[in-house]
Amino acid sequence: MTNKLYNLVIVGYGGMGSYHAKLLKENQTINVIGTFDILEERRIAALVDGYKVYESYEAVLADKNVDLVLIATPNDVHKEIAIAALNANKHVICEKPVTIYSEDLKEIMKVAEATQRKFVVHQNRRWDKDFLTIKKIYDETIIGNVFHIESRVQGANGIPGDWRHLKAPGGGMLLDWGVHLLDQLLFMVDSKITNVYANLSYVLGDEVDDGFQTIITFENGSTALIEVGTTNFIQLPRWYVKGTAGTAVIEDWNITGKIVTQNFGVDFEAPKPIQAGQGLTKTMAPPSEAAVSTSDLPEVDQTMESFYDNVISVIEEKAEPIVKNTEVLRVLRLIETIFKAAETNEVFKDFDTY
Ligand code: NAD
């Protein structure tokens with residue numbers, strides 16, 4: 001790791017901006033030297049937390065001591081703030097969703113290329129333990145070849161905050177949480193997307209979606225059901241994954257869950273019919289004890305370079321970004337496709353081939 005200390009300014013000192021400030025207190029190479037926010041109350045909050053407050057964004061850009069700008073504003077202004085920072089010779093960390101439209105990210109990428117500055121998106125949920133557990137099961141074929149993935153987050157508190165209820169600043173749950181779950185999915189499944197079907201929910205009466213479901217089919221034959229809900233008083237498991245040799249489930253953020261795998265090559269009794277409602281079924285009877293093994297979820301190795309350390313390694317040209325802009329762009333294009341699929345009620349085909 002480097003000996004240089006990188007000076008960073010947080011632009012947008014709201015919920016996430018102040019969370020970054022807290023996380024960065026632990027970081028040895030990044031020094032938060034100030035903040036900028038357009039709201040007086042958030043400037044005061046930053047001062048109370050002990051940070052310098054810049055009077056204008058121009059003042060941030062003009063400060064030669066600033067190496068890095070971290071953008072944690074609502075989504076519609078990420079692009080203009082990012083491009084101005086890159087043109088002022090600063091590297092940029094940007095919150096997700098990077099922009100609302102993929103064309104805007106392309107513009108940012110061009111400026112980053114032209115200015116030779118680094119632009120990295122904070123897709124922090126690639127480091128989540130629940131995801132890394134599923135990724136390990138997937139990569140190491142612990143339940144055989146995975147052919148179906150269900151990834152859900154569900155709450156019962158509606159859409160949070162203020163601007164997230166509005167279309168213009170990039171509100172709605174597909175852009176807010178969907179971007180995380182889709183980013184995880186595409187980071188894990190190395191196959192082209194062929195079909196996309198989607199359904200957005202507007203039950204709360206907002207102008208933006210309060211949740212969605214999308215079904216994605218990959219060229220390798222596997223499927224994914226991604227779901228975000230804010231009107232779910234009972235939650236389904238965070239992950240439910242099926243493979244050719246078993247099933248894995250993760251119930252919650254505490255990584256409660258299990259793996260059940262089929263015991264191949266063992267003589268076991270065929271399942272006995274059970275009474276199911278008004279009928280009998282053998283098909284839906286639980287497998288006999290000898291037919292399956294239940295095990296704990298695997299432990300994940302969390303030695304992957306942290307997000308912030310990776311940004312510094314990227315700036316110093318010592319590593320590739322863990323979150324690549326081309327990957328972020330693909331996720332944004334998928335989000336655009338999901339919006340179209342939901343609006344037209346069509347299945348979008350051959351997403352990745354054009
Ligand atoms: P927030 O409303 O709490 O904070 C946004 C702040 O930006 C406010 O203080 C607002 O005054 C300020 N702001 C608005 N326009 C500005 C401008 N032009 N210049 C400077 N400041 C400006 O919102 P939030 O929940 O903190 O979300 C901010 C961003 O962080 C969003 O992009 C959101 O999607 C993202 N976010 C990411 C995660 C994650 O896990 N990665 C979690 C929460 C939020």
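Use the structure listed above.
Residues numbered from 1 in each chain as written. Predicted model: local features only at pLDDT ≥ 70, side-chain atom pairs only at ≥ 80, totals over all residues. Heavy atoms only, no water.

> Would you mind showing me how to read the overall build of the chain here?
What the chain contains, in helices and strands, is 9 helices and 16 strands. Along the longest, intermediate and shortest principal axes, the C-alpha atoms of the chain span 75 × 45 × 45 Å. For the chain, the proportion of its 354 residues judged to be buried stands at 50%. A sequence separation of at least 24 residues applies to 69% of the contacts in the chain between residues at least 6 apart. Taken as a whole, the chain presents about 17,500 Å² of accessible surface, with 51% of it coming from carbon and sulfur. When the 34 basic and 50 acidic side-chain charges of the chain are each reduced to a single mean position, those positions are 2 Å apart. (Helix = DSSP H or I, 4+ residues; strand = E, 2+ residues; numbered from the N terminus. Buried < 20%, exposed > 50% of the residue type's maximum accessible area, 1.4 Å probe, protein only. Contact = heavy atoms within 4.5 Å. Areas by Shrake-Rupley, 256 points an atom, 1.4 Å probe, with all protein chains shown as cover. Lys, Arg positive; Asp, Glu negative; His and termini not counted. Charge placed at Lys NZ, Arg CZ, Asp CG, Glu CD.)

> Just checking my understanding: could you explain unusual backbone geometry for this structure?
In most cases, non-glycine residues show a negative phi, while peptide bonds are predominantly trans. Note the cis peptide between Lys96 and Pro97, where omega equals -20°. Along the chain, Pro97 falls in the loop between strand S4 (91-95) and helix H5 (102-115). The residue Ile255 is not glycine, and still its phi comes out positive at about 60°. Turning to its location among the elements, Ile255 is positioned in the loop between strand S11 (246-250) and strand S12 (257-262). The backbone of Asn345 sits at a positive phi, close to 60°, despite the residue not being glycine. Within the fold, Asn345 resides in the loop between helix H9 (325-344) and strand S16 (348-349).

> Can you walk me through the site of the ligand in this structure?
By nearness alone, 24 residues border the ligand, and Met16, Asp37, Asn75, Lys96 and Asn124 come closest of all. A distance of 2.7 Å separates an oxygen atom of the ligand from a polar backbone atom of Lys96. Between the ligand and the protein, one listed contact pairs an oxygen atom with a side-chain N or O atom of Trp163 at 2.9 Å. When residues of the shell around the ligand are sorted by domain, at least three fall in each of domain 1 (6-122) and domain 2 (126-255 + 297-303 + 334-349). (Near = heavy atom within 4 Å. Polar contact = N/O pair within 3.5 Å; in protein donor to acceptor, adjacent residues only side chain to side chain. Domains from an automatic or database assignment.)

> I keep staring at the environment of Leu61 and nothing clicks. Help me out?
Tracing the sequence through the fold places Leu61 in helix H3 (residues 57-62). Here the alpha-carbon distance between Leu61 and Val9, two residues 52 residues apart in the chain, equals 9.7 Å. Residues within four places of Leu61 in sequence aside, it is in contact with Ala84, Ala85, Ala88 and Lys90.

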